[in-house]
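# Architecture at a glance
Here is how the chains run, residue by residue.
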There are 2 protein chains.
Amino acid sequence: MLNKSSATVQRKRRSRGRPRTAHSEDVREKLLRAARDLFMRYGYRAVSSRQIASAAGVNVAMIRYYFGGKPGLYREITNAMVGPLRAGIDAMSAGATQIELASLIGTAMRMWATNPWLPGLIVREVLMQEGPLRAMFIRDFPERLVPVLEKLVRREMERGRLRADLDPRLVVLSMISLGLFPFLALPVTSRVFGVRADEAFLQHLIRHTTDVLTRGIAVHDAPGSKK
Amino acid sequence: MLNKSSATVQRKRRSRGRPRTAHSEDVREKLLRAARDLFMRYGYRAVSSRQIASAAGVNVAMIRYYFGGKPGLYREITNAMVGPLRAGIDAMSAGATQIELASLIGTAMRMWATNPWLPGLIVREVLMQEGPLRAMFIRDFPERLVPVLEKLVRREMERGRLRADLDPRLVVLSMISLGLFPFLALPVTSRVFGVRADEAFLQHLIRHTTDVLTRGIAVHDAPGSKK
DNA sequence: CGTCTAATTACACGCATGCTTAATAAATCC
DNA sequence: GGATTTATTAAGCATGCGTGTAATTAGACG
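Below is a summary of the structure that appears in this document. Note that the coordinates shown come from a computational prediction; the quantities given were computed from them, not determined experimentally.

### As for the relation of the copies chain B and chain A
- Taken as rigid bodies, chain B and chain A are interconverted by a rotation of 180° and an axial shift of 0.0 Å, the fit giving an RMSD of 0.1 Å. Between the two chains, the operation in question is that of a two-fold axis.
- Take the interface residues of chain B: 100% of them recur as interface residues in chain A, which is what a same-surface contact looks like.

What follows is the structure, encoded as structure tokens:
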């Protein structure tokens, strides 16, 4: 009878107040998950609150209710993703004396492979002019990481393990370039290079990268000794 | 007398119709310049038509008048910037037999230094999910450039100039990483690494990069000969 | 049972966006 | 010199944005 009154609709529209079964944390969690996916794929500005809410299947106002607003949601997500990385840098900064340069790149690359959103997030926030947290990111990453790496490189040079005729700062830059860019390019790489981004490829890539880098910056003192 | 009528204002507001002195191409040019600066700095989505018009000092409607709309303006700009690069790739694809791999990176790096917006533009359009021209960019760049480079690398391997135990596709990836990323990072690099982005630094960077790359991927057949 | 709190919805506000249109005036043409 | 074309402006349109807010309801507490 095409009844459009509100009394008998009861289709998919949820009624107004508090829901019957209390699944409180559920909404918060769903919002976080949807927002993480969208923000990491398209960036902060390109994703709207309504898009996030729609993807999470909840009302828009819940963003304000749980996170205070769109920036609060973004901050929550970035903090969660970036915390372990920051901790890693700090740990490296503390015990920098017993770290092997060659294994460091493998560690970093494993980090990118485990958290595939991180390279894009860092590049978007740090290198492009985008993102509302740029200053924080720059303070957290390049300004903390680069001096540690530079000191490491200089130490290895003094010990005669790295070519001393190279500019240590540019060696650091090359390390970051080789270690980070392939993961930035991964979505395109898999199509253009015809490779699959699986564990086997990751091992292959790490071996290749460390190989190319070390045979470039390592001193060739005894070229015929180790094959 | 606080006269607010339109007859005697005559301040900065231009009168409605066609301007007295015909500076027709001027407006078009000013729009292109302003749009190029803004688009390259902040990306397509983050820049509004009104921002561009305001920066160019012209009316918003002129964007539609001259370019049909915001996408038309963007297309015009990207085409102009990307044309020479595309031509370069095609030329390389044609006469790929007499190209030296080592000098190629220097050429590319000089290209980035001359057109500082290009690396950011390419990364934004190709690697991130952003940008309305992503498909076109992918077809124009990685899908055209990568096979050419790969063939070049394989040829150099067959000639015994490059290590044959490396994966040619990953060598190409490393070349692109080392050649492109430093220019992506340039705005941050200059602050974090404490360097100035001048001609001297460019030469230094090119020398360093080719050095690191070639001593990594080149065959060490006569290690003691050239010191 | 009455009150209070937590969780959720619908709605609307003000603003910015890209785009369109009508009006207008100089330049040009026949 | 009247008609047409070209270049420009102001105003407005629909849409989408982030954010508020009042209403509503289930559960908790006394």
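### Brief notes about the environment of Val 171 of chain B
All names here are of chain B.
- Here Val 171 is to be found in helix α9 (residues 168-184).
- Residue Val 171 is classed as buried on the basis of its relative accessible area, which comes to 1%.
- Counting along the chain gives 21 residues from Val 171 to Glu 150, while the straight-line C-alpha distance between them is 8.2 Å.

### Quick notes on the packing of helix α8 (residues 142-158) of chain B against α9 of chain B
All names here are of chain B.
- Taken N-terminus to C-terminus, the directions of α8 and α9 make an angle of 115°; their axes are 9 Å apart at the nearest point. For the crossing formed where α8 meets α9, the hand is right-handed. Between α8 and α9, the contacting residues are Val 146, Leu 149, Glu 150, Val 153, Arg 154 and Met 157 on the first element and Pro 168, Arg 169, Val 171, Val 172, Met 175 and Ile 176 on the second.
- Here the contact of α8 with α9 is composed, by residue class, of 9 nonpolar, no polar and 3 charged.

### Details of the packing of aromatic side chains
- The full count for this structure, using the stated rule, is 12 aromatic pairs over all chains.
- Judged by centre distance (4.7 Å) and plane angle (50°), the ring pair of Tyr 44 of chain B and Tyr 74 of chain B falls under tilted. Note that Tyr 44 of chain B is positioned in the loop between α1 (24-42) and α2 (49-56) and Tyr 74 of chain B in helix α4 (residues 70-94), a separation of 30 residues in sequence. Here the two residues Tyr 44 of chain B and Tyr 74 of chain B agree in accessibility, since each one is buried.
- Of the aromatic side chains, those joined through ring pairs into one cluster are Phe 39, Tyr 44 and Tyr 74 of chain A.
- Of note, Lys 70 of chain A hangs over the ring of Tyr 44 of chain A, and the distance from its end group to the ring centre comes to 4.4 Å.

### Some remarks on the packing of helix α8 (residues 142-158) of chain A against helix α10 (residues 186-194) of chain B
- Interhelical geometry of α8 of chain A versus α10 of chain B gives an angle of 55° and a closest axis separation of 10 Å. Here α10 of chain B runs oblique to α8 of chain A, going by the angle between their axes. Note that α8 of chain A runs across α10 of chain B; the crossing there is right-handed. Contacts between α8 of chain A and α10 of chain B involve Pro 142, Glu 143 and Val 146 of chain A from the first element and Val 188, Arg 191, Val 192 and Phe 193 of chain B from the second.

About the criteria used
Residues numbered from 1 in each chain as written. Chains lettered and ligands numbered in written order. Predicted model: local features only at pLDDT ≥ 70, side-chain atom pairs only at ≥ 80, totals over all residues. Heavy atoms only, no water. Least-squares fit on C-alpha atoms with pLDDT ≥ 70 in both. Contact = heavy atoms within 4.5 Å. Helix = DSSP H or I, 4+ residues; strand = E, 2+ residues; numbered from the N terminus. Buried < 20%, exposed > 50% of the residue type's maximum accessible area, 1.4 Å probe, protein only. Axes fitted to C-alpha atoms, helices over the stretch in contact; angles between N-to-C directions. Left-handed = near helix turned anticlockwise from the far one by under 90°. Nonpolar A, V, L, I, M, F, W, Y, C, P; charged D, E, K, R; others polar. Phe/Tyr/Trp six-rings, centres within 6.5 Å; stacked < 30°, edge-to-face > 60°. Lys NZ or Arg CZ within 6 Å of the ring centre and 35° of its normal. Parallel < 35°, antiparallel > 145°, perpendicular 65-115°, else oblique.

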